[in-house]
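Chain by chain, the residues run as shown.
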Amino acid sequence: MARTALPHDAKAGPTKPEVRSVTLGKLGLDGSDHFVEVGSCTGAVTIEAARHAGSVTAIERKPNRLEATRKNLAANGIEGVELVDGEAPDALPGDADALFLGGSRNYAAVLDYAAETGVDRVVMNVSRLEVAGDAVRAFRERDLFEEVIQMQVSTGYELAGATSFDSDNPVYIISGGST
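Criteria and thresholds
- Residues numbered from 1 in each chain as written.
- Predicted model: local features only at pLDDT ≥ 70, side-chain atom pairs only at ≥ 80, totals over all residues.
- Heavy atoms only, no water.
- Helix = DSSP H or I, 4+ residues; strand = E, 2+ residues; numbered from the N terminus.
- Buried < 20%, exposed > 50% of the residue type's maximum accessible area, 1.4 Å probe, protein only.
- Polar contact = N/O pair within 3.5 Å; in protein donor to acceptor, adjacent residues only side chain to side chain.
- Contact = heavy atoms within 4.5 Å.
- Arc of directions from axis to C-beta.
- Phe/Tyr/Trp six-rings, centres within 6.5 Å; stacked < 30°, edge-to-face > 60°.
- Lys NZ or Arg CZ within 6 Å of the ring centre and 35° of its normal.
- Salt bridge = Lys/Arg side-chain N within 4 Å of Asp/Glu carboxyl O.
- Core = buried A, V, L, I, M, F, W, Y, C linked by side-chain atoms within 4.5 Å.

Tracing the chain through its elements places Arg 121 in strand β5 (residues 121-126). For Arg 121, a relative accessible area of 17% gives the class buried. Of the polar contacts made by the side chain of Arg 121, one reaches the backbone oxygen of Leu 27; its length is 2.8 Å. Leave out the neighbours within four places in its chain, and Arg 121 touches Lys 26, Leu 27, Gly 28, Leu 29, Asp 33, Asp 97, Ala 98, Leu 99, Gly 176 and Gly 177.

Below, the discussion takes up unusual backbone geometry. A cis amide bond links Ala 88 to the next residue, Pro 89, at an omega of 10 degrees. Within the secondary structure, Pro 89 sits in the loop between β3 (82-85) and β4 (98-101). Even without being glycine, Asn 106 reaches a positive phi, approximately 60 degrees. Here Asn 106 lies in the loop between β4 and α4 (107-117).

The next subject is α4. Within the span of α4, buried status applies to Tyr 107, Val 110, Leu 111, Tyr 113 and Ala 114. The buried residues of α4 all sit within an arc of 150 degrees when viewed along its axis, so they share a single face. Following α4 by one or two positions, Gly 118 has its phi on the positive side, about 75 degrees.

The next subject is the packing of aromatic side chains. According to the stated counting rule, one finds 0 aromatic pairs in the structure shown. One Lys or Arg, Arg 140, reaches over the ring of Phe 145 and ends 4.4 Å from the middle of that ring.

This part covers the pattern of salt bridges. Scanning all chains against the criterion turns up 10 salt bridges. Among the ionic pairs, Asp 134 bridges to Arg 137, the shortest N-O distance being 2.5 Å. Residue Asp 134 and its partner Arg 137 are located together in helix α5 (residues 129-141), separated by 3 residues, close to a single helical turn. Judged by its relative accessible area of 37%, Asp 134 is partly exposed. Of the charged contacts, one joins Glu 141 and Arg 142 as a salt bridge, the two residues approaching to 3.6 Å between their closest N and O atoms. Look at Glu 141 and you get exposed, because its relative accessible area is 62%. Members of the salt-bridge network, linked through shared partners, are Arg 20, Glu 48 and Arg 51.

What follows covers the side chain of Asp 33. Relative to the elements of secondary structure, Asp 33 occurs in the loop between α1 (17-27) and β1 (34-38). At a separation of 2.8 Å, a polar atom in the side chain of Asp 33 contacts the main-chain amide nitrogen of Asp 30. Beyond its immediate stretch of four places on either side in the chain, Asp 33 contacts Gly 28, Ala 53, Gly 54, Ser 55, Asp 97 and Arg 121.

Time to look at the nonpolar core. The biggest cluster of nonpolar side chains holds 27 residues, and the ones touching the most others in it are Leu 92, Leu 99, Tyr 107 and Val 122. At the level of secondary structure, the elements contributing two or more residues to this core comprise β1, β4, α4, β5, α5 and β9 (171-176). For this core, the leading source of residues is α5, giving 6 residues. Those residues in contact with Leu 92 that sit more than four places away from it in its chain are Val 36, Val 38, Ile 59, Leu 99, Val 110 and Tyr 113. If you look at the next biggest cluster of nonpolar residues, it comprises 21 residues, including Val 45, Val 56, Ile 78 and Phe 100.

Laid out in C-alpha coordinates, this is it:
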(Lines give C-alpha, C1' and ligand atoms only; values in the text may rest on other atoms or scores of the structure.)
Protein backbone atom coordinates (compact mmCIF):
# COMPACT_ATOMS: atom_id res chain seq x y z
CA MET A 1 0.00 0.00 0.00
CA ALA A 2 1.32 3.44 -0.93
CA ARG A 3 2.17 5.92 1.76
CA THR A 4 -0.66 8.28 2.62
CA ALA A 5 0.00 11.77 3.93
CA LEU A 6 -2.60 13.00 6.41
CA PRO A 7 -1.37 16.44 7.49
CA HIS A 8 -4.85 17.72 8.27
CA ASP A 9 -6.57 16.50 11.43
CA ALA A 10 -10.32 15.96 11.70
CA LYS A 11 -10.44 15.32 15.49
CA ALA A 12 -11.37 11.71 14.76
CA GLY A 13 -9.58 8.88 13.02
CA PRO A 14 -7.75 8.33 10.82
CA THR A 15 -8.22 4.65 10.12
CA LYS A 16 -4.84 3.05 10.82
CA PRO A 17 -2.82 1.97 7.74
CA GLU A 18 -3.00 -1.73 8.60
CA VAL A 19 -6.77 -1.55 9.06
CA ARG A 20 -7.11 0.39 5.79
CA SER A 21 -5.18 -2.35 4.03
CA VAL A 22 -7.53 -5.10 5.23
CA THR A 23 -10.59 -2.90 4.60
CA LEU A 24 -9.52 -2.27 1.01
CA GLY A 25 -8.77 -5.95 0.55
CA LYS A 26 -12.34 -6.77 1.59
CA LEU A 27 -13.69 -4.13 -0.81
CA GLY A 28 -11.66 -5.52 -3.74
CA LEU A 29 -11.86 -2.30 -5.75
CA ASP A 30 -11.02 -2.03 -9.43
CA GLY A 31 -11.24 0.62 -12.14
CA SER A 32 -14.87 -0.09 -12.94
CA ASP A 33 -16.13 0.49 -9.37
CA HIS A 34 -17.96 3.46 -7.92
CA PHE A 35 -16.74 3.56 -4.31
CA VAL A 36 -18.66 5.50 -1.66
CA GLU A 37 -17.41 6.31 1.81
CA VAL A 38 -19.90 7.31 4.47
CA GLY A 39 -18.20 9.54 7.04
CA SER A 40 -14.94 10.42 5.30
CA CYS A 41 -13.40 12.27 8.27
CA THR A 42 -9.68 12.64 7.42
CA GLY A 43 -10.18 11.00 4.04
CA ALA A 44 -7.67 8.22 4.72
CA VAL A 45 -9.87 5.45 3.27
CA THR A 46 -11.12 7.72 0.47
CA ILE A 47 -7.52 8.43 -0.58
CA GLU A 48 -6.66 4.73 -0.74
CA ALA A 49 -9.90 3.90 -2.57
CA ALA A 50 -9.26 6.65 -5.14
CA ARG A 51 -6.04 4.86 -6.10
CA HIS A 52 -8.06 1.80 -7.18
CA ALA A 53 -11.69 2.66 -7.97
CA GLY A 54 -12.95 4.26 -11.17
CA SER A 55 -15.02 6.86 -9.33
CA VAL A 56 -15.17 7.88 -5.68
CA THR A 57 -17.72 9.74 -3.59
CA ALA A 58 -16.92 10.85 -0.03
CA ILE A 59 -19.84 11.83 2.19
CA GLU A 60 -19.29 13.77 5.41
CA ARG A 61 -21.85 15.59 7.53
CA LYS A 62 -19.39 17.75 9.50
CA PRO A 63 -17.97 20.66 7.47
CA ASN A 64 -14.62 20.69 9.32
CA ARG A 65 -14.12 17.00 8.58
CA LEU A 66 -15.11 17.43 4.95
CA GLU A 67 -12.51 20.19 4.70
CA ALA A 68 -9.90 17.86 6.24
CA THR A 69 -10.82 15.27 3.60
CA ARG A 70 -10.45 17.89 0.86
CA LYS A 71 -7.04 19.05 2.12
CA ASN A 72 -5.71 15.52 2.64
CA LEU A 73 -6.84 14.51 -0.86
CA ALA A 74 -4.88 17.48 -2.24
CA ALA A 75 -1.83 16.62 -0.09
CA ASN A 76 -1.80 13.19 -1.78
CA GLY A 77 -2.35 14.51 -5.31
CA ILE A 78 -5.77 12.86 -5.54
CA GLU A 79 -8.24 14.58 -7.87
CA GLY A 80 -11.71 13.80 -9.14
CA VAL A 81 -13.28 12.67 -5.86
CA GLU A 82 -16.83 13.91 -5.42
CA LEU A 83 -17.12 15.44 -1.94
CA VAL A 84 -20.65 15.57 -0.56
CA ASP A 85 -21.59 17.73 2.42
CA GLY A 86 -24.47 15.68 3.72
CA GLU A 87 -25.70 12.81 5.79
CA ALA A 88 -26.38 9.25 4.82
CA PRO A 89 -28.61 7.73 3.70
CA ASP A 90 -30.08 10.85 2.04
CA ALA A 91 -26.78 11.89 0.46
CA LEU A 92 -26.01 8.45 -0.99
CA PRO A 93 -25.81 8.08 -4.77
CA GLY A 94 -27.90 5.37 -6.42
CA ASP A 95 -25.08 3.60 -8.22
CA ALA A 96 -22.50 2.51 -5.62
CA ASP A 97 -20.64 -0.74 -6.28
CA ALA A 98 -18.66 -0.67 -3.03
CA LEU A 99 -19.58 1.09 0.19
CA PHE A 100 -17.52 1.77 3.31
CA LEU A 101 -18.94 2.87 6.65
CA GLY A 102 -16.22 4.26 8.88
CA GLY A 103 -18.60 5.09 11.68
CA SER A 104 -21.82 3.82 13.17
CA ARG A 105 -24.15 6.79 12.79
CA ASN A 106 -27.27 5.83 10.78
CA TYR A 107 -25.68 2.53 9.79
CA ALA A 108 -28.98 0.64 9.75
CA ALA A 109 -30.44 3.08 7.22
CA VAL A 110 -27.24 2.91 5.16
CA LEU A 111 -27.45 -0.90 5.16
CA ASP A 112 -31.09 -0.62 4.05
CA TYR A 113 -29.85 1.47 1.11
CA ALA A 114 -27.16 -1.12 0.33
CA ALA A 115 -29.68 -3.96 0.33
CA GLU A 116 -32.30 -2.02 -1.68
CA THR A 117 -29.87 -0.80 -4.36
CA GLY A 118 -27.85 -4.02 -4.61
CA VAL A 119 -24.46 -2.73 -3.47
CA ASP A 120 -21.95 -5.47 -4.31
CA ARG A 121 -19.53 -4.95 -1.43
CA VAL A 122 -20.13 -3.34 1.94
CA VAL A 123 -17.54 -2.96 4.69
CA MET A 124 -18.05 -1.38 8.09
CA ASN A 125 -15.33 -0.78 10.67
CA VAL A 126 -16.37 -0.64 14.31
CA SER A 127 -14.32 -0.17 17.46
CA ARG A 128 -16.98 -0.83 20.12
CA LEU A 129 -17.98 -4.43 20.86
CA GLU A 130 -21.68 -3.74 21.43
CA VAL A 131 -21.97 -1.78 18.19
CA ALA A 132 -20.14 -4.58 16.35
CA GLY A 133 -22.66 -7.14 17.60
CA ASP A 134 -25.60 -4.95 16.60
CA ALA A 135 -24.03 -4.23 13.20
CA VAL A 136 -23.44 -7.93 12.47
CA ARG A 137 -27.13 -8.57 13.25
CA ALA A 138 -28.11 -5.68 10.96
CA PHE A 139 -25.97 -7.07 8.12
CA ARG A 140 -27.57 -10.50 8.60
CA GLU A 141 -31.13 -9.14 8.75
CA ARG A 142 -30.56 -7.53 5.33
CA ASP A 143 -28.85 -10.61 3.86
CA LEU A 144 -25.60 -8.64 3.46
CA PHE A 145 -23.39 -10.51 5.93
CA GLU A 146 -20.35 -12.48 4.84
CA GLU A 147 -17.87 -12.25 7.72
CA VAL A 148 -16.57 -10.29 10.66
CA ILE A 149 -12.96 -10.19 11.72
CA GLN A 150 -11.38 -8.66 14.76
CA MET A 151 -8.07 -6.97 14.08
CA GLN A 152 -5.62 -5.63 16.60
CA VAL A 153 -2.36 -4.04 15.55
CA SER A 154 0.70 -3.60 17.74
CA THR A 155 3.46 -1.27 16.62
CA GLY A 156 7.07 -1.69 17.68
CA TYR A 157 9.13 1.04 19.33
CA GLU A 158 12.57 1.20 20.87
CA LEU A 159 12.77 0.67 24.60
CA ALA A 160 16.12 0.47 26.38
CA GLY A 161 17.94 -0.65 23.24
CA ALA A 162 15.39 -3.34 22.36
CA THR A 163 11.95 -3.49 20.76
CA SER A 164 8.70 -3.34 22.66
CA PHE A 165 5.15 -2.91 21.35
CA ASP A 166 2.24 -0.50 21.81
CA SER A 167 -1.15 -2.05 21.05
CA ASP A 168 -3.96 -0.21 19.31
CA ASN A 169 -7.55 -0.92 20.28
CA PRO A 170 -9.13 -3.77 18.32
CA VAL A 171 -11.28 -3.00 15.29
CA TYR A 172 -14.09 -5.20 14.00
CA ILE A 173 -14.26 -5.30 10.22
CA ILE A 174 -17.67 -6.44 9.05
CA SER A 175 -18.00 -7.27 5.37
CA GLY A 176 -20.49 -8.58 2.88
CA GLY A 177 -22.79 -7.25 0.20
CA SER A 178 -25.73 -8.08 -1.99
CA THR A 179 -25.74 -11.56 -3.44
